Amino acid sequence: MSGQGGGRQRLFVGGSWVEPDGGDYAVIDPATEETVGRAPEASPDQVLAACAAAREAFGAWSRTAPEERAAVLARAADIIHAHFVPYAELAQAETGATTGTARAMQVGVGAARFRRYARVEPAEWAVAPQINEAGPMGKAGVMGALAVRQPVGVVTCITSYNNPWANPAGKIAPALAMGNTVVVKPAPQDPLSVYRMAEALEAAGVPAGVVNVVSGRRVEVGEAAVSSPDVDMVSFTGSTAVGQRIAEACGRDMKRQLMELGGKGAALVFDDADLGSAVAGIGTTFSFYSGQICTAPTRVLAQRGVYDRLVEQLSAYAGRLTVGDPREASTVVGPVISAEHRDRVESHVETGRKEGAVVVAGGERPPYERGFYVAPTLLADCTNDMRVAREEIFGPVVCVIPFEEEEEGIALANDTDYGLIDYVWSGDVARAFRVARRLRAGGVGVNTVGRNMEAPFGGFKQSGVGRDVGSYALHAYSEVQAIVWPG
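Being a predicted model, the structure only gives us computed values, none of them experimental.

Rules of the game
- Residues numbered from 1 in each chain as written.
- Predicted model: local features only at pLDDT ≥ 70, side-chain atom pairs only at ≥ 80, totals over all residues.
- Heavy atoms only, no water.
- Axes fitted to C-alpha atoms, helices over the stretch in contact; angles between N-to-C directions.
- Helix = DSSP H or I, 4+ residues; strand = E, 2+ residues; numbered from the N terminus.
- Parallel < 35°, antiparallel > 145°, perpendicular 65-115°, else oblique.
- Contact = heavy atoms within 4.5 Å.
- Nonpolar A, V, L, I, M, F, W, Y, C, P; charged D, E, K, R; others polar.
- Buried < 20%, exposed > 50% of the residue type's maximum accessible area, 1.4 Å probe, protein only.
- Pairing = 2+ DSSP bridges.
- Salt bridge = Lys/Arg side-chain N within 4 Å of Asp/Glu carboxyl O.
- Core = buried A, V, L, I, M, F, W, Y, C linked by side-chain atoms within 4.5 Å.
- pLDDT = per-residue confidence, 0-100.

Draft legend 1. View of the packing of helix α4 (residues 99–116) against helix α5 (residues 166–177). Two numbers describe how α4 lies on α5: the axes approach to 8 Å, and their chain directions differ by 10 degrees. On the basis of the axis angle, α4 is roughly parallel to α5. In this structure, α4 contributes Met-105, Gln-106, Val-109, Gly-110, Arg-113 and Phe-114 to the contact, and α5 contributes Ala-166, Asn-167, Ala-169, Gly-170, Ile-172 and Ala-173. Among the residues forming the contact of α4 with α5, the class breakdown is 7 nonpolar, 4 polar and 1 charged.

Draft legend 2. Highlighting the environment of Arg-431. Here Arg-431 lies in helix α15 (residues 429–438). The class for Arg-431 is buried, based on a relative accessible area of 14%. For the pair Arg-431 and Gly-419, spaced 12 residues apart in sequence, the C-alpha to C-alpha distance is 20 Å. The contacts of Arg-431, once residues within four sequence positions are left out, are Phe-270, Asp-272, Gln-303, Glu-406 and Ser-426.

Draft legend 3. Representation of the sheet that holds strand β8 (residues 141–151) in the model. Strand order in the open sheet made by the 3 strands is β7-β8-β22, with antiparallel pairing throughout. Either end of the sheet is taken by a strand with one partner, and the two such strands are β7 (124–132) and β22 (478–486). With strand direction ignored, the average angle separating the axes of adjacent strands in the sheet is 25 degrees. Relative to β22, β8 runs antiparallel, the two sharing 9 bridges.

Draft legend 4. Expanded view of unusual backbone geometry. Despite not being glycine, Ser-290 has its phi angle at roughly 55 degrees, a positive value. By the secondary structure assignment, Ser-290 is in the loop between α10 (284–287) and β15 (299–303). Its relative accessible area of 3% is what places Ser-290 among the buried residues. Even without a glycine there, the phi angle at Asp-381 is positive, about 55 degrees. The residue Asp-381 is located in the loop between β17 (377–380) and α13 (387–390) in this model.

Draft legend 5. Local environment of the pattern of salt bridges. Enumeration over the complete set of coordinates arrives at 21 salt bridges. A salt bridge links Asp-24 to Arg-38; the nearest nitrogen and oxygen atoms lie 3.1 Å apart. Residue Asp-24 is found in strand β5 (residues 24–28), and its partner Arg-38 is found in strand β6 (residues 35–40); the two are separated by 14 residues along the sequence. Put simply, Arg-196 and Glu-199 hold a salt bridge, and the shortest N to O gap is 3.1 Å. Placement of both Arg-196 and Glu-199 in helix α6 (residues 192–203) is noted, with a separation of 3 residues, approximately one turn of the helix. Accessibility expressed as a relative area gives 9% for Arg-196, which makes it buried. With a relative accessible area of 23%, Glu-199 lands in the partly exposed category. Each of Arg-116, Arg-119, Glu-121 and Glu-454 takes part in one network of salt bridges that share partners.

Draft legend 6. Quick look at the nonpolar core. Counting residues in hydrophobic clusters, the biggest one holds 74 residues, and the most contacted among them are Phe-114, Leu-176, Val-182 and Leu-201. The element that contributes the greatest number of residues to this core is helix α2 (residues 66–82), accounting for 7 residues. Those residues in contact with Leu-201 that sit more than four places away from it in its chain are Ala-76, Phe-114, Ile-172, Leu-176, Val-206 and Val-211. Counting residues in each nonpolar core, the second largest holds 33 residues, with Leu-275, Cys-294, Ala-318 and Ala-361 among its members.

Draft legend 7. Structural context of the confidence of the model for the protein. Residue-level pLDDT values for the protein average 96, and 98% of them are 70 or greater. Taken element by element, the predicted model of the protein shows its lowest mean pLDDT in strand β1 (residues 4–5) (72) and its highest in strand β10 (residues 181–185) (99).

In structure tokens form, the structure reads like this:
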């Protein structure tokens, strides 16, 4: 049985493609407003069945040799590469991403993550022997110890809409590599790509029940995936508000969590910064997923000596960006995910105006008959207490706040509920690293918005719990067991 029948997508539960109890719904192309396909609406009972299938499959999969699990992930990467163009075209249709982003950052990164976790790493390491002067039965002598990474069990993976390839792959691949089984609940806006990923894994030989995918727009679908007694861990990427509700549910049952939540990244630009580099880096907020990314440097803190020039150059940069059809090679800024989200972003800009921010670029809806477009927007003369400076907008909107001295800049950067990734631009490397160490964020980019894909990723404060990426993801999807013996 294939994943699709009559143009409609089926659920993937227990190794079978099954008809959804709740019918289906249209997935809309944000650029054209046309229907991309039909996504299945699972019932809570079907979600619970997926969790039960994952529980049943866990024992055998967890005991499978790591090399065999890795081989499945490697084959999946090969299959994704073999379907690279159609997968990227689907991702583009679902998300509105530009062609370059859909290929390189969505499908390309997704395949790379399966390839990364096809590399077997040791799951155990020695602990230095300890000489115990006394124990429960008198002198205990020398005690040896081993720390062993064990799989957590069944992991529910709830993924974000902005990247239906890299985000699910970043959860599924390390979870499977560690011997867990997974139930994936993709974002309702763009679940079809995740079903293609499931097809690739099925073709790669993943055993029945090890990977399950259930989608739906109803809140009950996600609630069932979190609350099922068969689930041991929830890995979630999305808003802080939803993350808090999931964490409450996990707390009641002591389920493990990995939470990658919102961000309001501060970009400190000092007087001695390379302005060209800073403008190009900050400008990715406008172009990369049209600002729909939690790591974006949306809150620019500019030292007084460079403030006016930075605002001028950012405004000019935003004005040069081509907004439009993401399938056109010249397009830099595509649409946001939905009409509702476009309205939300525009409402934030209007709130900024009312609060006293000056709109120096954008601020008006691009003149297209179709598509959910938002113009790259720059808000100057902001203060850190404005809503546009405090709330995650998740769109191509940047606010600029002036500061005088280094201490004030650090204080403003840390005056936020979030703490995912901050940025520092300075020609003084010693100062840049000194400031970076004082920022309360899970990551800091020094003179760059680039990422090292082996570096730990996650947030302080309300930006999340835990770390993943690279070897850190293997820790995230495992429990550590200590084995101790007399020497």
